[in-house]
Amino acid sequence: MTRARQALFLVGGRGTRLGALSANTPKPMQEISPGVRFLDLLLENAARMGFTDLILLAGHLGDQVESVYHGKRIWDADIRVVREPRPMGTGGALALAAPVLDETFVLSNGDSFFDINLRALAAAPLVRGGGRLALRRVEDMSRYGSVTLEDHHILAFEEKNPELSGPGLINGGVYYLSREILGRIDGPMSIETEVFPRLAQEGLLEGVPYDGYFLDIGLPETLAQAQRETAAMRMRPAAFLDRDGVLNEDTGYPHRAEDLKWMPGALQAVRLLNDRGFLVIVVTNQAGVARGYYDESAVTQFHKHMQDELAVEGAYVDAFYHCPFHAEGKLPAYTADDHPDRKPNPGMILRAMSEWPVNKTASFLIGDRGTDIEAASRAGIPGHLFEHGDLQTLVSSIIGES
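The following paragraphs examine the structure supplied in this document. Just so it is clear, the model here is predicted, and its values are computed rather than measured.

1. Concerning the packing of helix 7 (residues 266–275) against helix 12 (residues 391–399)
Okay, step 1: Taken N-terminus to C-terminus, the directions of helix 7 and helix 12 make an angle of 25°; their axes are 7 Å apart at the nearest point. Relative to helix 12, the element helix 7 lies roughly parallel. Counted together, A266, Q268, A269, L272 and L273 of helix 7 and L391, Q392, V395, S396 and I399 of helix 12 form the full contact between these two elements.
Okay, step 2: Looking at the contact of helix 7 with helix 12, its residues break down into seven nonpolar, three polar and no charged.

Encoded structure:
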């Protein structure tokens, strides 16, 4: 299965319930802290999960969206903007992106934050022509409307109703969809109220409940809540993982796709860390480059292969850092007596901490050698030695999972 790479965001609404706040600034571009917009949080989340083609479906004040984001880049992800010429509804806005859409893609509301593992949502194949919705259980459905779910199949939707009180499942505003649903869109229309109900009636719509943090900024009070709470959520604890001997078997300078043999519990360990909100950052010495066994492009391709196999399990690595230097290298460009990135030096860890929103206090490292543990100590984080056994078991013990 091909790893999904596209994530689209609906950022074209007028935000009338915000009143004057959205008169001159699109709702998703409201600041949650100085210099940080609500939309930045959504884009960063998708980029760190390996979605490399981020598309903003803009409408109201779309020139602002375009001027700030079009052509920009977040980590390995490129951002582009598709603007609707007139209000087209969420379905019509999506249809305008048809020329650039992949066969499958993630679609998300741009005015709500649902802190879930997008890779997990997109892991299993879709029913042909169908979709999968992330659902959230709330204590009061009256603001949202409800979703009827049976055995992971969505049977029906009920629109928001002040009399619809009490707990239940709601549409979380994050979807994994097949491009074929565009055949159901004819002009301006709502994908939520006109397309999804028909898919549900035909048995083509799945639902997956998640319990992650959820907030939409449709009201002044919820925007204020976002400003109090979500800026801090950009900072996440990081699990720094050595590669060979921790994630995959150290078979002797593995660098080809066929060399990849996962350690017991490795795929499950990464998925667990993803689901619990950790950044997963690989820090690996790759002296094989200095010794001339392979080049850095081989390292990059090996990591891409790892990401593809992780995606099947609904997992991902946020970032890979590798050190190609060694004191006994055969290639002068990669020969260095004591390069700051080569463990036990902490350079890769420190660089990751400066380039990613890492909460150092709750971070840790897992390695299979003393040099890994020393690098962690020099970086000021705990180090855990993995010598044998199941990696998921060790990770569970570190983060307090039963």
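2. Section: the environment of M233
Okay, step 1: Mapped onto the fold, M233 is located in the loop between helix 6 (220–229) and strand 15 (238–241).
Okay, step 2: In this structure the C-alpha to C-alpha distance between M233 and D115, which are 118 residues apart in sequence, comes to 9.4 Å.
Okay, step 3: For M233, the residues in contact, after removing those within four places along its chain, are F113, D115 and Y213.

3. Focus: the nonpolar core
Okay, step 1: Residues F9, L43, F51, L54, L56 and Y69 are the most contacted members of the largest nonpolar core, which totals 49 residues.
Okay, step 2: Take this core: its biggest share by element is seven residues, from helix 1 (residues 38–48).
Okay, step 3: When near neighbours in sequence (up to four residues on either side) are disregarded, L54 contacts A7, F9, L43, A46, A47, A77, D78, I79 and R80.
Okay, step 4: Counting residues in hydrophobic clusters, the runner-up holds 29 residues, among them I55, A97, L177 and L205.

4. A short note on the packing of helix 10 (residues 347–355) against helix 11 (residues 370–379)
Okay, step 1: It is at 8 Å that the axes of helix 10 and helix 11 come closest, and there the two elements cross at 45°. In terms of their interaxial angle, helix 10 and helix 11 are classed as oblique. Classified by chirality, the crossing of helix 11 by helix 10 is right-handed. Contacts from I349, L350 and M353 in helix 10 reach A375, A376 and A379 in helix 11.
Okay, step 2: Broken down by class, the residue content of the contact of helix 10 with helix 11 amounts to six nonpolar, no polar and no charged.

Definitions and cut-offs
- Residues numbered from 1 in each chain as written.
- Predicted model: local features only at pLDDT ≥ 70, side-chain atom pairs only at ≥ 80, totals over all residues.
- Heavy atoms only, no water.
- Axes fitted to C-alpha atoms, helices over the stretch in contact; angles between N-to-C directions.
- Helix = DSSP H or I, 4+ residues; strand = E, 2+ residues; numbered from the N terminus.
- Parallel < 35°, antiparallel > 145°, perpendicular 65-115°, else oblique.
- Contact = heavy atoms within 4.5 Å.
- Nonpolar A, V, L, I, M, F, W, Y, C, P; charged D, E, K, R; others polar.
- Core = buried A, V, L, I, M, F, W, Y, C linked by side-chain atoms within 4.5 Å.
- Buried < 20%, exposed > 50% of the residue type's maximum accessible area, 1.4 Å probe, protein only.
- Left-handed = near helix turned anticlockwise from the far one by under 90°.

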